[in-house]
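Given next are the chains, with one letter for each unit.
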Amino acid sequence: MISCAEAVRQLWEYLDDVIPETERVSVEAHLARCRRCCGELEFARELRLTLASTANESIPHGVLRRLHETLEELEP
Amino acid sequence: MVVAGSRADRAERIRRLAHEELPRLYRIARRIVGDEAEDAVQDCLLKAFQKIDQLQDDTAARSWLTSILVNCCRDRYRSQSRRPDEVEFDEVEEFSLYRKIAYEDPFPYSDSLHLDFLAEFGNEDVRAVLLRISELYRIPLVLVYMDGFLAREVAAMLDAPLGTVLARLHRGRKLFEKQMWEYASERGLLREVTR
Ligand SMILES: [Zn+2]
């Protein structure tokens, strides 16, 4: 079985689904037996959501208006 | 379907492609260059207009515009040669926010301290944490985790090898964890709850 350190190092790649198949199997085998790393996994998942949540920020009206103006003025 | 049309045709095309993308481009820029976001998007629109004939396929407009924006953001950094402080990499590589929170136990009466920790962070806080990380790592983080691009798409945008982008994502995630903790400590996000 891989160590906790190895499992943790690959958790984000595992969540991102960019991990090679053999490593995915060994991470899952580790998670099946290690509660602490399951906690790490849950936390990594939440942390990703926290990072993604910043995608909903609203754009100030003045900014949006000025950007639209730039687009409108592109042609002479 | 690509025709190098008149200037008016090209302006019409960029308007059509960029119109819906403006809020998204602005949000990305906010996370990469902070207060200069509006200027970066303005740069991006002008540059996209100049280069519109290089865009072969309108369905690729989303990543094409993002790529131009990212490069406009990087130009802003280059011209100012500013660089956020960066912690030593060795120290960062071993850092685990999960373990740090468990060890320091900032919310002693909580049975979900990890979630309580994250709940302290509003959008502005997360943005401030991101801005503490060098843009080298911040840009891939923003594009992948905020905007949902694949690492290989980011590699194409940055004109960097995939392995480089993956390594920067890895290091960027560690830096993000570390800076989340430092930000929370400095801003008293931890103290307020324990009080
Ligand atoms: Zn483990």
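This text follows the structure it describes.
Residues numbered from 1 in each chain as written. Chains lettered and ligands numbered in written order. Predicted model: local features only at pLDDT ≥ 70, side-chain atom pairs only at ≥ 80, totals over all residues. Heavy atoms only, no water.

Overview of the overall build of chain A
When helices and strands are counted, chain A shows five helices and zero strands. For chain A, the sequential pattern of α-helices and β-strands runs α-α-α-α-α. On C-alpha atoms alone, chain A measures out to a radius of gyration of 21 Å, which is more than a quarter above the 11 Å that the 2.2 N^0.38 rule sets for 76 residues. Once the C-alpha set of chain A is aligned to its principal axes, its extents read approximately 65 × 20 × 15 Å. Looking at the 76 residues of chain A, the share that counts as buried comes to 42%. Put simply, 59% of the contacts in chain A that link residues at least 6 apart link residues at least 24 apart. Accessible surface, chain A as shown: approximately 4300 Å² in total, 52% of it carbon and sulfur. Averaging the coordinates of the 9 positive side-chain charges in chain A and doing the same for the 15 negative ones gives two points 10 Å apart. (Helix = DSSP H or I, 4+ residues; strand = E, 2+ residues; numbered from the N terminus. Rg over C-alpha atoms; globule rule 2.2 N^0.38 Å. Buried < 20%, exposed > 50% of the residue type's maximum accessible area, 1.4 Å probe, protein only. Contact = heavy atoms within 4.5 Å. Areas by Shrake-Rupley, 256 points an atom, 1.4 Å probe, with all protein chains shown as cover. Lys, Arg positive; Asp, Glu negative; His and termini not counted. Charge placed at Lys NZ, Arg CZ, Asp CG, Glu CD.)

Let's talk about the packing of helix 5 (residues 61–72) of chain A against helix 2 (residues 22–33) of chain B
Where helix 5 of chain A contacts helix 2 of chain B, the axes come no closer than 11 Å and their chain directions differ by 115°. When the axes of helix 5 of chain A and helix 2 of chain B are compared, the crossing they make is right-handed. Between helix 5 of chain A and helix 2 of chain B, the residues in contact are Val-63, Leu-64, Leu-67, His-68 and Leu-71 of chain A and Leu-22, Pro-23 and Tyr-26 of chain B, respectively. Split into classes, the residues belonging to the contact of helix 5 of chain A with helix 2 of chain B amount to seven nonpolar, one polar and no charged. (Axes fitted to C-alpha atoms, helices over the stretch in contact; angles between N-to-C directions. Left-handed = near helix turned anticlockwise from the far one by under 90°. Nonpolar A, V, L, I, M, F, W, Y, C, P; charged D, E, K, R; others polar.)

Regarding the pattern of salt bridges
One pass over the structure, following the stated rule, counts 25 salt bridges over all chains. The closest approach of N and O atoms between Glu-42 of chain A and Arg-45 of chain A, which form a salt bridge, is 2.7 Å. With Glu-42 of chain A and Arg-45 of chain A both in helix 4 (residues 35–53), this residue pair falls three residues apart, about one helical turn. Look at Arg-45 of chain A and you get partly exposed, because its relative accessible area is 34%. In this structure, a network of salt bridges that share partners links the residues Glu-13, Asp-16 and Arg-48 of chain A together with Arg-173 of chain B. (Salt bridge = Lys/Arg side-chain N within 4 Å of Asp/Glu carboxyl O.)

Some points on the coordination of the zinc ion
Residues and elements named next belong to chain A. Here the zinc ion is held by Cys-4 (SG), His-30 (NE2), Cys-34 (SG) and Cys-37 (SG), and the distances to it run 2.0 to 2.3 Å. Each donor residue of the zinc ion belongs to the same chain, with the gaps between them written as C-x25-H-x3-C-x2-C. Here the two residues Cys-34 and Cys-37 agree in accessibility, since each one is buried. (Donors = N, O, S within 2.8 Å, 3.2 Å for Na, K, Ca; no water.)

Re the packing of aromatic side chains
Scanning the model with the defined rule gives five aromatic pairs over all chains in all. Taken together, a centroid distance of 5.2 Å and an interplanar angle of 85° make the contact between Trp-12 of chain A and Tyr-145 of chain B edge-to-face. With Trp-12 of chain A in helix 2 (residues 11–16) and Tyr-145 of chain B in helix 9 (residues 135–146), the pair connects residues from two separate chains. Residue Trp-12 of chain A shares its accessibility class with Tyr-145 of chain B, and that shared class is buried. Centroid distance Phe-117 of chain B to Phe-121 of chain B: 5.3 Å. Interplanar angle 50°. Geometry classified as tilted. Judged by its relative accessible area of 0%, Phe-117 of chain B falls in the buried class. Taken together through their ring pairs, the aromatic side chains of Phe-117, Phe-121, Trp-181 and Tyr-183 of chain B make up a single cluster. Lying over the aromatic face of Phe-49 of chain B, Arg-10 of chain B brings its terminal NZ or CZ to 6.0 Å of the ring centre. Positioned above the aromatic ring of Phe-149 of chain B is the side chain of Arg-62 of chain B, whose terminal nitrogen or guanidinium carbon lies 4.4 Å from the ring centre. (Phe/Tyr/Trp six-rings, centres within 6.5 Å; stacked < 30°, edge-to-face > 60°. Lys NZ or Arg CZ within 6 Å of the ring centre and 35° of its normal.)

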